[in-house]
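Structural features, examined
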Amino acid sequence: MFAALLAWLMSPPVLAALWAVVQAVVILLGLVISAAWMIWLERRLLALWQDRLGPNRVGPFGLGQVIADMIKIFFKEDWTPPFVDKFTFVLAPLLAMSLMMLGYALVPITPTWGVAAPELGLLFFFAIAGLAVYAVMLGGWSSNSKYSLLGGLRSTAQTISYEVFMGLSLMGIVMQAGSFNMRDIVLAQQAGWWNVIPQFFGFCVWSLAAIAVTHRTPFDLPEAESELAAGYHTEYSGMKFGMFFVGEYVGIVMVSGLTTALFFGGWEGPFWSDRIPFVWFAIKSLLFMSSFILLRAALPRPRYDQMMAAAWKVCLPLSLANLLITGAVILWQGSGA
Amino acid sequence: MADGTVPGLPDSASAVIALCGADAVTVESTVDRVPTLWVPVARIVEVLRLLRLLRTGVAQPYLMLYDLTAVDERLRKYRDGLPAADFTVVYHLLSVDRDIATRGQGDIRIKVALRGDFPSLPTVSGIYPNANWYEREVWDLFGIGFEGHPHLRRILLPPTWTGHPLRKDYPARATEFDPFHLDALRQDQEQEALRFIPEDWGMKRGTDDHDFMFLNLGPNHPSAHGAFRIVLQLDGEEVVDCVPDIGYHHRGAEKMGERQSWHSYIPYTDRIDYLGGVMNNLPYVLALEKLAGIQVPERVKTIRVMLVEFFRITSHLLFYGTFAQDLGAMSPVFYMFVDRQKAYDVIEAITGFRMHPAWFRIGGVAQDLPRGWDRKVREFLEWMPKRLDGYRKAALENAILKARCKGVAVYDTANAMDWGVTGPGLRATGCNYDLRKARPYSGYEQFDFEVPVFHNGDVYDRALAREEEIRQSLRIIQQCLDNMPSGPYKADHPLTCPPPKERTLRDIDTLIPHFLGVSWGPVMPAGETSQMVEATKGINSYYLMSDHSTASYRTRIRTPSFTHLQQIPSVVRGQMVPDLIAHVASIDFVMADVDR
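So, a few notes on the structure that sits alongside this text. (Residues numbered from 1 in each chain as written. Chains lettered and ligands numbered in written order. Predicted model: local features only at pLDDT ≥ 70, side-chain atom pairs only at ≥ 80, totals over all residues. Heavy atoms only, no water.)

Next up on the list: helix 11 (residues 277-298) of chain A. Residues and elements named next belong to chain A. End to end, helix 11 covers 32 Å across 22 residues, agreeing with the expected 32 Å (1.5 Å per residue, within 8%). Among all positions in helix 11, only Pro 277, Trp 280, Phe 281, Lys 284, Ser 285, Phe 288, Met 289, Ser 290, Phe 292, Ile 293 and Ala 297 are buried. Tucked inside the fold, the buried residues of helix 11 contact helix 2 (12-49), helix 4 (86-104), helix 8 (200-214) and helix 10 (238-263). (Helix = DSSP H or I, 4+ residues; strand = E, 2+ residues; numbered from the N terminus. Expected span 1.5 Å × (residues − 1). Buried < 20%, exposed > 50% of the residue type's maximum accessible area, 1.4 Å probe, protein only. Contact = heavy atoms within 4.5 Å.)

Set out below in structure tokens:
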């Protein structure tokens, strides 16, 4: 009996499944930890660009600040205001964090690491991005507060604007690779050019959409602090606020990983791509993560009608043109062959 | 005179006398030489309408109600030749065109004598829109009623307050009151009294097919710049209407003036516009020097100009940073605080304090400039211009920021006049009116600088105007540095404070006034005086009445921010919430300056 169980456990498909679980857990932990330390990175980099020091007291370079903050936020009173819709109020931050984590499952990190590579991977990502807005919207609505409601409304308006061109901006890549599978897209780039060159306009539009997905400056309208106090999470505190907060950073890590995979050849580097693939992936991701912070340090916030106008009048036509031209080039190359 | 003019008075005053009849009008001579006419209360609306419109052959009407205030005359001793009055309401009108044409003769003061304990008179808010808040303030603080006023309710004090504090029978000291208690019940009552009821303000809660949202922005909000509350009537994110609510920062500065000595009130002035530092001392001491007849030495004038320009720079830098921050750019403010610190280093080296030096004195300044002051000033002058160039690229020329500001919250010169707007907000509408040029004080006529004027009247132009003013202030400071006159830092006059001490141990005639001047403070001659200055945020003035005593009989502080906030609804109706935030940022106000 025991021997049979051991034999079954040692059988290749079960081992593979166990290995996948281990991989998934490691990646999840890595994701959460890097998201948490991204808070430190953001504070230090912002400080660097703002002529000040930032958190530098706890541990070397202030790295322990994250731990201190975690302890603080875990032990804070988990306060739910009496006037909120309780179920939705609790659900919203859960959604915010878990959906962003789910998205990272699609990112191919190295040739052998990655949680999943479904055939319709990109479509799955679009679905997640579409769902993620519910976190903000429900958070804003369930708070039963005017500032939160305005934040939620803005978020909805913003989503309608960027989701359309986000989907279209990636279709050029799908056409070139002939697949929705993220791993196939990475491999297709390694066989030819990185997508950022042939799909440059796609990349530009995707960058804007990626910022919008994470609600980061300059698309932080739902939580525009100088206008709506804290926007959709005005009524949140303690760990529920913490989940919105960490969810935002998880989103940044996810979107940076996606950008690396979709436009910058994944783990491919100038040398040793097969020996240190993770290092190349991490370097590229870190670069994009830092550029999110740079944007926050550099840019003011547009008005949301201006943001919507830019989305519909500039980004959408640009991504449509990109799609048509990519299609034409592929057809032309195909007929020439 | 044959043509009806009165010698020494402008044509407009003659028109008023012609309207009311020579017997009904009393001409008062004041120390500040502002033409002052007492008119009968029954004619006040006609008189102001005449001056506002001036249809009858007199050009350059008084478009701006510069100030409106009141005086409790019941305890005043020195008022020979003035009409009998228990209360006086004072209207101070200003004509910018006339002021520029006549080099500083563009204002007129109209007074109305009122009898009785709780008198009332007709409102003039139909003629001058900004009389609305001024009349509410007078009602709040004096208990004088204004018939026909649309919303005559308390403005600076809580709605639950009893009594009218600026009346002479109202105590001025905390020891004259019972101790303050706030229990849960009273707290609830105070909260309930603050509830906004749209119907009270003539607002509707909705139309047939949709409701409006009433959003309470403030008194605690990241962009409210202090304890400022503004209730918005929203249709989506469009501001249909709004009601600014002030008074959360009121601390009775005018009442304090009546119990502090002339000298010991100076530190209170620092805290009126708390970003303006000695800029607040300036109109106060200038007004008093007029009253006392003190001529200050050239060195004093130049030191004062240099320091107030330093404070103009620090105030504008704070505006610049918070303005960018309100538009979502988080970094500029940190850089500007570094620059402000550099400026404060210089200010601290000279005065010993950073934000509130209280360093000007009646008849001079507290001390001479320290050794090496010129080196510190020069360092700052070398540091600042490059930084300003960088900010222009990083902030003002940013495309997103421009899109947020251009064409947003626009008002024209006529609107600015209606609401009493002065300072950069007025000059951004194309009106070239800067008191430092129009009626120079403290030696500004000797300086070479430009007045930045812009023409679109939008948020962006108001920001540009302030940015350019920083550069001009640097020019003025450079000239102070290059041409600082030598000489004493205080006038030789018995009413300066502290009084001159050099000869006290040699003759008794100096010792006694010195002793009295130090222990009681100076006794100012009876009279009325005022001084306007181009402060950091607009025109600030002190209107002081002396009853030949050691303290002021009435201290009126006219601040620019008060009227600027009143203007908000007329500018932001129909705009969006982010535009309102941009406009509020572009006003550059501090609530201490509004509420006093």
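Moving on to the sheet that holds strand 8 (residues 213-217) of chain B. Residue and element names in this part refer to chain B. Across the sheet, which stays open at both edges, the 3 strands sit in the order 8-9-10 with antiparallel pairing between neighbours. The two strands at the open ends of the sheet, each matched to only one other strand, are strand 8 and strand 10 (238-245). Across the sheet, the axes of successive neighbouring strands diverge by a mean angle of 20°, strand direction being ignored. Two strands pair when backbone bridges link them, and strand 8 and strand 9 (residues 229-235) are joined in this way by 5 bridges, in the antiparallel orientation. What sits directly across from Leu 215, in strand 9, is Leu 232. Most of the contacts of helix 19 (residues 577-587) go to strand 9, to which it runs at about 155°, and overall it touches strand 8, strand 9 and strand 10. (Pairing = 2+ DSSP bridges. Axes fitted to C-alpha atoms, helices over the stretch in contact; angles between N-to-C directions.)

Moving on, we come to the nonpolar core. Within the largest apolar cluster, 101 residues are counted, with the highest numbers of intra-cluster contacts made by B:Met306 and B:Phe323. Residues within four places of B:Met306 in sequence aside, it is in contact with B:Ile350, B:Leu369, B:Trp373, B:Val377, B:Ile477, B:Cys480 and B:Met484. Counting residues in hydrophobic clusters, the runner-up holds 75 residues, among them A:Ile128, A:Val186, A:Phe281 and A:Leu323. (Core = buried A, V, L, I, M, F, W, Y, C linked by side-chain atoms within 4.5 Å.)

It is worth spelling out the interface of chain A and chain B at this point. Taken together, the 27 residues of chain A in the interface contact 33 residues of chain B. Surface buried jointly by chain A and chain B totals about 2,500 Å² across both partners, of which 59% is contributed by carbon and sulfur atoms. B:Asp579 is paired through a salt bridge with A:Arg303; the nearest N and O atoms lie 2.8 Å apart. At the junction of chain A with chain B, the criterion picks out 10 residue pairs in polar contact (both at pLDDT 80 or more). Where the side of chain A that touches chain B is concerned, the elements lending two or more residues are helix 2, helix 6 (146-177), helix 9 (225-228), helix 11 and helix 12 (304-336) of chain A. Its residues placed into classes, the side of chain A that touches chain B shows 14 nonpolar, 3 polar and 10 charged. (Buried area = accessible area lost by both parts, 1.4 Å probe. Salt bridge = Lys/Arg side-chain N within 4 Å of Asp/Glu carboxyl O. Polar contact = N/O pair within 3.5 Å; in protein donor to acceptor, adjacent residues only side chain to side chain. Nonpolar A, V, L, I, M, F, W, Y, C, P; charged D, E, K, R; others polar.)

So, about the pattern of salt bridges. All names here are of chain B. Taken as a whole, this structure holds 54 salt bridges over all chains when the rule is applied. Linking Arg 43 and Glu 46 is a salt bridge whose minimum nitrogen-to-oxygen distance equals 3.2 Å. What makes Arg 43 partly exposed here is its relative accessible area of 25%. The partner of Arg 392 in a salt bridge is Glu 467, and the shortest N-O contact between them spans 2.7 Å. Of this pair, Arg 392 sits in helix 11 (residues 373-396) while Glu 467 sits in helix 16 (residues 459-482), and the two are 75 residues apart along the sequence. Taking the relative accessible area as the measure of exposure, Glu 467 reaches 1% and is therefore buried.

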